[in-house]
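# Structural overview for review
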Amino acid sequence: MKKRRCGLHRRFFKRRSQSCAAIDRKGVMAMTKRSGRSRFIVLCLAAAVILFTVFMIIPTLNIFRMSLFVRSAYSTTEEFVWLQNFTRLMADSNFIRSMQNTILLIVVVTVVTFGLALIFAAILSREKIKGQNFFRIIFYIPNILSVVVISAIFSAIYDTNNGTLNSLLSFFKGDTVAILWKGESMVMVSLIIAMVWQAIGYYMVMYMASMASVPQSLYESASLDGAGRLTQFFQITLPLIWTNIRTTLTFFIISTINMAFLFVKAMTSGGPNGASEVALSYMYKQAYTNSTYGYGMAIGVMVFLFSFGLSALVNAVTKREPLEF
Amino acid sequence: MKKVISILLATALTASMLAGCGGKSDEPAAQAPAEGGGQSEVPAEAGEEPAEPAAGGTIKVAAIETAYGSAMWQEVCDAFTAETGIAVELITDKNLEDVIGSSMKAGDFPDVIHLATGREDALTETFIKDQNIVEITDVLSMTVPGEDKKVSDKIAGGFTETALTNPYGDGKTYLAPMFYSPCGLFYNAGLFEEKGWTVPATWDEMWELGDKAKAEGISLFTYPTTGYFDAFFYALMYSVGGADFFNKATNYEEGIWDTEEAKTCFDIVAKLASYTEPTTPAQANDQDFTKNQQLVLDNKALFMPNGTWIVGEMAEAPRAEGFEWGMTALPAVTAGGDSYSYTWFEQAWIPSGAANQDAAKQFIAFLYSDIACEIFATKGDSPAIQPVLGIADKLDGDNKMFYAIYDNGAKAAMGNFAAFSPIEGLDNRTVWFDPVNSLVSGTMTEEQWIEGIKSASDQMRANLLQ
C-alpha cells in the first residue's frame with residue numbers, strides 16, 4: 001500500500017528535490033521519535049500521577065465517603081447514615097467554638113504576621129542598619145525549630161510565677177503581675193503570639209528576596225519627585241511584590257490551619273476546658289479518642305471545604321493586574 | 001542508545017518511588033529478645049543470618065512506658081520466653097498510642113496491649129466501645145506458667161469484678177488488672193508537722209484547714225490535670241453514697257444526678273474549686289502538669305489527688321526543706337463516716353485482631369507469676385505492684401505507707417463509668433472533669449456544670465453497651 005502511494009507521489013511530483021524513499025525514512029523516524037518521546041513523557045509523568053492518585057486523590061475521596069458513615073478508627077464495621085454526621089456537627093457547640101478559634105487564628109495571625117514581616121523586610125532591605133544579617137538570622141531561627149521545642153520555650157515564657165513575660169511585666173509595673181497566659185481568657189492570645197513568632201522570619205526572608213529585585217532607580221526617581229519613605233513603600237514596594245504577597249497569603253492561610261493543630265497539641269492539649277480547641281484538634285479527638293471516626297471525617301470535610309473556599313476567596317479578592325519592572 | 005538510557009532511568013525513578021509503598025514482608029519479624037533496653041529490636045541487618053525463630057512462635061507485646069519505666073518489661077518478656085519458649089517482640093513507648101496506632105489502622109495488631117484507661121488518647125476506651133477486645137475469662141482458670149496455681153487464685157479479690165475489667169456488665173472478663181495503686185490526696189507531711197496541723201478526717205475539717213492555710217498564703221488544693229479527677233470523683237461518690245450510689249451513678253441511672261448524694265458530691269467539688277490554687281487551670285495540661293505537682297513540693301498548695309507513682313515521677317524535683325510525702329484517703333462526709341481511697345489500676349488486654357491469641361493468653365497469665373511480680377516490683381524506676389495476694393507485705397519505704405492505707409481504716413473504691421457506644425462530640429472526661437478548670441477560673445457555675453452532666457448522662461444511658 002505504501003509502495004503504491006509512493007509511486008503516485010513520484011508520478012505527480014517529479015520536480016521534488018528529495019526522493020520519496022527518503023521522505024518515508026524520515027517520516028518513519030519522526031513517528032518513532034514522536035512515539036518514543038510520548039512514551040518517555042508518559043513514563044516520566046506516571047510516577048507523579050500514580051503517587052498523586054494513590055496518596056492524594058483516593059484518600060481525599062475516602063474522607064468524603066467515610067464522613068457519611070458511623071464507624072470507628074480501628075474497626076471495619078460501618079453504618080451508612082447519609083448526612084447525619086453533618087447535621088450533628090451544626091448542633092455541636094464544641095465544634096462551633098473550635099471553628100471560631102480557627103478563624104480567629106487565621107485572621108489575627110495572618111494579619112499580624114504579614115504586617116510585621118513586610119515592615120521588617122522593608123526596614124532590613126531598604127534602610128541602612130548595622131547587623132542586618134544578624135537580625136535576618138535571629139528572625140529566621142524560630143522557623144527552623146520544631147513545634148515541640150517552641151512549646152517548651154513558651155512554657156517557660158508563659159509560666160505564671162517565674163515566666164519571662166510576667167517577670168518582665170512585673171519589672172515595668174513595679175508590682176507582681178500574675179497573668180494566667182494559658183488560662184481560659186488568655187490562652188488564644190498566647191497561641192497567637194507563639195504562632196506569629198514562629199512564622200514571621202520565614203515570610204520576612206521571602207519578602208526581602210522579592211524586594212531586592214525591585215530596581216533601585218524607581219526609588220531614586222520617586223525620591224526626586226519628593227516621595228517619602230512611606231509613599232515609596234505603598235506606591236512602589238507593595239505593588240511590585242504583590243504577586244509574591246498573594247501567593248504567600250494562600251500558603252499561609254492553609255499552613256495556619258495545620259500549624260494551629262500542632263501548636264494546640266503541643267502547648268495546651270485544647271484546654272483549659274476546650275478553650276483553645278481548634279477545628280483539626282477537635283477532629284483528631286473525635287476521630288481517635290472518642291471512637292467517632294465518621295464524625296471526625298465529617299469535620300475533616302468541613303475543614304477541607306473551608307480552606308478550599310477561603311483560598312479561592314483570598315485569591316479572588318487579592319487579584320490585581322501584575323506590574324512589571 | 002540515549003533513548004534506552006532515558007527509558008531505563010524513568011523506569012528506575014518510577015520503581016524507586018513506588019518501592020517505598022511496598023507491602024509488609026511476609027517474613028516473621030521474630031527475633032530473640034535483646035538484653036536490657038525497652039525498645040523493640042530492629043530486624044537483622046542485610047547479610048546477617050536471620051535469627052532463629054523461637055520454638056513456641058512469637059508474640060508482639062505493646063506496653064506503655066510510664067513512671068515505672070520500661071526496663072522491667074524487657075525482663076518479664078525474657079522470663080516468659082525462658083519459661084514457655086515463646087519469643088516476645090516488645091514495643092514500649094511513652095506515647096504508645098502513636099507508635100502502634102497507625103499499624104493497627106492497617107490491620108496489624110499487637111497480641112497483648114498494656115495501657116491504662118483515662119489517658120488523653122483513650123485507646124483502651126476506644127477498643128471497649130468498639131467491642132474489639134478478646135474475652136479472657138478463661139485466662140482466670142488457666143494455670144500460671146511455671147507454677148501450679150490458677151490465675152484466679154493469685155489475683156486479689158474484687159479486681160476482676162469491676163467495670164474496668166468486665167466493661168459490659170455481663171460477668172465476663174475482657175481486661176486483666178495490672179499495677180494497682182491506691183489513689184488519694186498527697187501532701188507534705190513535714191509541713192503538717194511543722195505547722196502542727198492534723199490531716200482532716202471530714203470535709204468540714206478540710207474547709208477549716210483551707211482557711212488556716214489561706215491565712216499563711218498557702219492554697220488548700222491543686223490538681224495535675226482534670227484527668228486526675230476520675231479517681232477523686234469515684235472515691236467521693238463512694239464516700240457520699242456507698243457502693244449502691246456509685247453503681248447507679250456510673251450506670252447513668254435516670255434522676256441520679258438530682259439526688260441528695262449527687263448534690264453533695266457536686267457541692268464538695270465546687271467548694272474545693274474555690275480553694276484551689278489559682279494558677280492550676282493554666283498549667284493543667286499535658287505539658288505543664290508537673291508545675292502543678294511542684295506546687296505541693298514548694299508548699300504553695302496543701303493537697304493534690306494523685307497515685308503512688310508521684311514519688312518516682314517527682315524524684316528529681318526540688319522541694320521545700322523538710323519535705324516528706326504523705327498520703328490520705330478522701331475525708332468522710334460526716335464525722336465517723338467512711339473514707340475511701342480509689343484503687344487505680346492499669347489493664348492488659350488482647351485486641352480482637354491479634355494473630356496469636358492463645359500465646360497472648362499465656363503471656364497474660366504469666367504476668368501474675370511470682371517471677372513477673374518480683375520483676376515488676378523491683379526492677380522498675382518505681383515499684384509496679386501487681387494486684388496479687390500478699391504482695392503488700394514485701395514493700396518498704398514510702399510505698400509501705402501508701403499501700404497500708406487500706407489497713408489504716410480507708411475503704412477501697414473500685415470501678416468506672418459504664419461503657420457506652422460512641423456518641424458524637426461527647427465523652428466522660430469533657431462532661432465530668434474538664435469543667436473543673438472552668439469552675440476554678442470562675443467561667444462556669446456549678447449549675448451549668450450539673451446541667452451539662454445531666455443532658456450528657458441521658459444520652460449515655462441511651463447508648464449503654466450491654
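None of the values given here were measured: they were computed from a predicted structure.

## Considering the overall build of chain B
Looking only at helices and strands, chain B features 19 helices and 10 strands. When contacts within chain B are restricted to residue pairs at least 6 apart in sequence, long-range pairs at least 24 apart make up 77% of them.

## Here's the deal with the packing of helix α4 (residues 93-126) of chain A against helix α11 (residues 242-267) of chain A
Residue and element names in this part refer to chain A. At a minimum axis separation of 10 Å, α4 and α11 run at an interaxial angle of 125 degrees. If you check the angle between α4 and α11, you find them oblique. You can see that α4 and α11 cross each other, and the crossing is right-handed. Contacts between α4 and α11 involve T102, L105, I106, V109 and T110 from the first element and F252, I253, T256, I257 and A260 from the second. By residue class, the composition of the contact of α4 with α11 is seven nonpolar, three polar and no charged.

## A few points about the interface of chain B and chain A
At the interface, 39 residues of chain B touch 41 residues of chain A. Taken together, the elements giving at least two residues each to the side of chain B that touches chain A come down to α1 (2-19), α3 (96-105), α4 (123-129), α11 (280-283) and α18 (435-441) of chain B. A total of nine residues in the side of chain B that touches chain A trace back to one element, the largest contributor, which is α1(B). Here the residues of the side of chain B that touches chain A sort into 13 nonpolar, 15 polar and 11 charged.

## Points about the domain arrangement of chain B
All names here are of chain B. Per the domain assignment, the segments making up chain B are domain 1 (29-180 + 345-394) and domain 2 (182-344 + 403-415 + 424-462). Distance between the C-alpha centres of domain 1 and domain 2: 30 Å. Taken together, the residues of the side of domain 1 that touches domain 2 sort by class into eight nonpolar, five polar and two charged.

## Considering the pairing of strand β7 (residues 301-306) of chain B
All names here are of chain B. Burial analysis of β7 places six of its six residues in the buried class, the great majority of the element. Where strand β6 (residues 219-221) lies against β7, two bridges are found, and the strand directions are parallel. Each residue of the ladder has a partner; that of S219, found in β7, is A301.

## So, the sheet that holds strand β5 (residues 184-188) of chain B
All names here are of chain B. Taken in spatial order, the four strands make up an open sheet running β6-β7-β5-β8, and their pairing is mixed. Since the sheet does not close on itself, it has two edges, and those belong to β6 and β8 (325-328), each with one partner. Across the sheet, the mean angle separating the axes of adjacent strands is 25 degrees when strand polarity is ignored. Pairing between β5 and β8: four bridges, direction antiparallel. Paired with L185 across the two strands is T328, which belongs to β8.

## What to know about the confidence of the model for chain B
Parts of the model with low pLDDT should not have their predicted coordinates read in detail. All names here are of chain B. Summarising the model, chain B shows a mean pLDDT of 86, and 88% of its residues fall at 70 or more. Of all helices and strands in chain B, the one with the weakest mean pLDDT is α1 (60), whereas β6 scores best (97). Contacts for the low-pLDDT stretch residues 18-53, under 50 throughout, to residues beyond four places or in other chains number 41 contacts. Across the interface, the model reports ipTM at 0.81; the global pTM reads 0.82.

## Remarks on the environment of T58(B)
Residues and elements named next belong to chain B. Among the secondary structure elements, T58 is positioned in strand β1 (residues 58-64). Of the residues examined, T58 has 22 C-beta atoms within 10 Å and is grouped as buried. For T58 and K291, which are 233 residues apart along the polypeptide, the C-alpha to C-alpha distance reads 42 Å.

## Description of the confidence of the model for chain A
Residues and elements named next belong to chain A. Summing up the model confidence of chain A, the mean pLDDT is 88 and the portion of residues at 70 or higher is 90%. For chain A, the element scoring lowest by mean pLDDT is helix α1 (residues 2-12), at 47; α4 scores highest, at 95. Note that pLDDT drops below 50 for residues 1-9; the model gives that stretch three contacts with residues more than four away or on any other chain. Segment residues 11-15: pLDDT under 50, and zero contacts once partners within four positions in sequence are set aside and those in other chains are kept.

## Details of the pairing of β1(B)
All names here are of chain B. Along β1, seven of the seven residues are buried, which leaves the element largely enclosed by surrounding structure. Side chains of β1 alternate between two faces, with T58, K60, A62 and I64 and I59, V61 and A63 buried alike. Pairing of β1 with strand β2 (residues 87-93) involves seven bridges; the strand directions are parallel. Paired with V61 across the two strands is L90, which belongs to β2. For the handedness criterion, the β-α-β arrangement of β1, helix α2 (residues 71-84) and β2 is classed as right-handed. Where β1 meets strand β3 (residues 112-115), three bridges bridge the pair, whose relative direction is parallel. Considered in β3, the bridge of A63 is made with H114.

## Let's talk about unusual backbone geometry
In this model, G271(A) is joined to P272(A) through a cis peptide bond whose omega is -5 degrees. You can see P272(A) is positioned in the loop between α11 and α12 (279-289). Positive phi, normally seen in glycine, also occurs at S269(A), with a value near 55 degrees. Among the secondary structure elements, S269(A) is positioned in the loop between α11 and α12. A positive phi angle, near 60 degrees, is found at N299(B), a position not held by glycine.

The rules behind the values
- Residues numbered from 1 in each chain as written.
- Chains lettered and ligands numbered in written order.
- Predicted model: local features only at pLDDT ≥ 70, side-chain atom pairs only at ≥ 80, totals over all residues.
- Helix = DSSP H or I, 4+ residues; strand = E, 2+ residues; numbered from the N terminus.
- Contact = placed C-beta atoms within 7 Å.
- Axes fitted to C-alpha atoms, helices over the stretch in contact; angles between N-to-C directions.
- Parallel < 35°, antiparallel > 145°, perpendicular 65-115°, else oblique.
- Left-handed = near helix turned anticlockwise from the far one by under 90°.
- Nonpolar A, V, L, I, M, F, W, Y, C, P; charged D, E, K, R; others polar.
- Domains from an automatic or database assignment.
- Buried ≥ 20, exposed ≤ 12 C-beta atoms within 10 Å, placed from the backbone.
- Pairing = 2+ DSSP bridges.
- pLDDT = per-residue confidence, 0-100.
- Right-handed = clockwise from strand over helix to strand, strands pointing away.

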